[in-house]
Amino acid sequence: EAQVTQNPRYLITVTGKKLTVTCSQNMNHEYMSWYRQDPGLGLRQIYYSMNVEVTDKGDVPEGYKVSRKEKRNFPLILESPSPNQTSLYFCASSPGQPSPLHFGNGTRLTVT
Amino acid sequence: DQQVKQNSPSLSVQEGRISILNCDYTNSMFDYFLWYKKYPAEGPTFLISISSIKDKNEDGRFTVFLNKSAKHLSLHIVPSQPGDSAVYFCAASARGNQFYFGTGTSLTVIP
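Conventions we followed
Residues numbered from 1 in each chain as written. Chains lettered and ligands numbered in written order. Predicted model: local features only at pLDDT ≥ 70, side-chain atom pairs only at ≥ 80, totals over all residues. Heavy atoms only, no water. Phe/Tyr/Trp six-rings, centres within 6.5 Å; stacked < 30°, edge-to-face > 60°. Helix = DSSP H or I, 4+ residues; strand = E, 2+ residues; numbered from the N terminus. Buried < 20%, exposed > 50% of the residue type's maximum accessible area, 1.4 Å probe, protein only. Contact = heavy atoms within 4.5 Å. Buried area = accessible area lost by both parts, 1.4 Å probe. Salt bridge = Lys/Arg side-chain N within 4 Å of Asp/Glu carboxyl O. Polar contact = N/O pair within 3.5 Å; in protein donor to acceptor, adjacent residues only side chain to side chain. Nonpolar A, V, L, I, M, F, W, Y, C, P; charged D, E, K, R; others polar. Pairing = 2+ DSSP bridges. Core = buried A, V, L, I, M, F, W, Y, C linked by side-chain atoms within 4.5 Å.

Comments concerning the packing of aromatic side chains
Part 1: In this structure the tally under the stated criterion is 14 aromatic pairs over all chains.
Part 2: Ring geometry for A:Tyr35 against B:Phe101: centres 5.4 Å apart, planes inclined by 80°, an arrangement best described as edge-to-face. With A:Tyr35 in strand β4 (residues 31–38) and B:Phe101 in strand β10 (residues 99–101), this residue pair bridges two chains.
Part 3: The exposure class assigned to A:Tyr35 is buried, which follows from its relative accessible area of 0%.
Part 4: Residue classification places B:Phe101 among the buried residues on the basis of a relative accessible area of 4%.
Part 5: Ring centres 5.6 Å apart and planes at 45° place the aromatic pair B:Phe30 and B:Tyr100 in the tilted group. You can see B:Phe30 sitting in the loop between β3 (19–25) and β4 (32–38) and its partner B:Tyr100 sitting in strand β10, a full 70 residues away along the chain. Like B:Tyr100, B:Phe30 is buried.

See the structure below:
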């Protein structure tokens with residue numbers, strides 16, 4: 001089944017403890033990206049990647065890192081999480097531009 | 001600054017009637033527009049898209065209209081069904097690089 005898989009689905013952590021949210025797609029898509037969804041703000045793009053080893057900042061990249069060493073994986077790294085990074089995170093992929101994004105089911109992160 | 005805006009946080013419609021969801025954008029460079037549907041505890045799922053060279057695209061019960069001069073996008077659902085109850089996001093992109101999403105409209109279809 002074609003899908004974007006994020007792990008974990010839920011994560012509770014403490015301020016400053018490094019964490020990684022994994023994202024993997026099995027559709028051989030070139031493009032991958034990360035979003036966060038917050039009440040009243042919709043979905044905001046954190047980082048995106050047009051291809052392997054190519055990443056670019058989205059609208060809200062501060063406090064996040066990404067890497068794209070392989071086509072299928074695009075992990076989101078929070079080196080020192082803070083409470084304002086408590087949010088619902090979505091990974092998405094697409095074959096290239098322009099084409100629709102396929103989303104994962106989300107990771108709900110709480111930073112205390 | 002929000003480049004894509006959905007000014008109606010919620011909408012209620014009777015089953016069988018038309019649902020019209022609206023979206024406005026500010027960036028004239030946007031050339032690709034999409035609508036997504038989202039159920040709780042799931043990721044957004046793609047519904048329909050339109051490129052800036054068209055002003056209408058239809059897929060079954062779903063039609064998207066694009067008015068470039070007004071920088072306005074709308075989604076029509078006819079007829080509306082209870083299963084259409086969800087949050088709808090519009091999105092826009094310039095050459096498929098960054099995607100900008102609206103804040104969403106929660107649609108309730110009343111049986």
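A few points about the interface of chain B and chain A
Part 1: Facing 20 residues of chain B, the contacting portion of chain A comprises 23 residues.
Part 2: Looking at the side of chain B facing chain A, the largest losses of area belong to B:Gln98, B:Phe99 and B:Phe101, adding up to 28% of the total buried there.
Part 3: Seen at the junction of chain B and chain A, the total is zero salt bridges.
Part 4: There are four residue pairs in polar contact (both at pLDDT 80 or more) connecting chain B and chain A.
Part 5: Elements with a contribution of two residues or more to the side of chain B that touches chain A: β4 and β10 of chain B.
Part 6: Ranked by the residues each element gives to the side of chain B that touches chain A, the list is headed by β4(B), at four residues.
Part 7: Classifying every residue of the side of chain B that touches chain A by side-chain character gives ten nonpolar, seven polar and three charged.

A word on the sheet that holds strand β1 (residues 4–7) of chain A
Residues and elements named next belong to chain A.
Part 1: The strand order across the open sheet formed by four strands is β1-β3-β8-β7, and the pairing between neighbours is antiparallel. If you trace the sheet from one side to the other, it starts and ends with β1 and β7 (65–66), each paired once.
Part 2: In this sheet, strand β8 (residues 76–78) lies alongside strand β3 (residues 19–25) in antiparallel orientation, the contact comprising three bridges. Across the sheet, residue Thr20 finds its bridge partner in β8, namely Ile77.

Observations concerning the nonpolar core
Part 1: Residues B:Val4, B:Phe30, B:Phe33, B:Trp35, B:Leu73, B:Leu75 and B:Tyr88 are the most contacted members of the largest nonpolar core, which totals 25 residues.
Part 2: Counting residues per element, this core draws most heavily on strand β9 (residues 86–93) of chain B, which supplies four residues.
Part 3: Other than its neighbours up to four places away in sequence, B:Tyr88 contacts B:Gln6, B:Leu21, B:Trp35, B:Tyr36, B:Lys37, B:Leu47, B:Leu75, B:Ile77, B:Gly104, B:Thr105 and B:Leu107.
Part 4: The next biggest cluster of nonpolar side chains, apart from the first, holds 19 residues, and it includes A:Val21, A:Met27, A:Ile46 and A:Tyr89.

Function-wise, these values are silent; they only describe arrangement.
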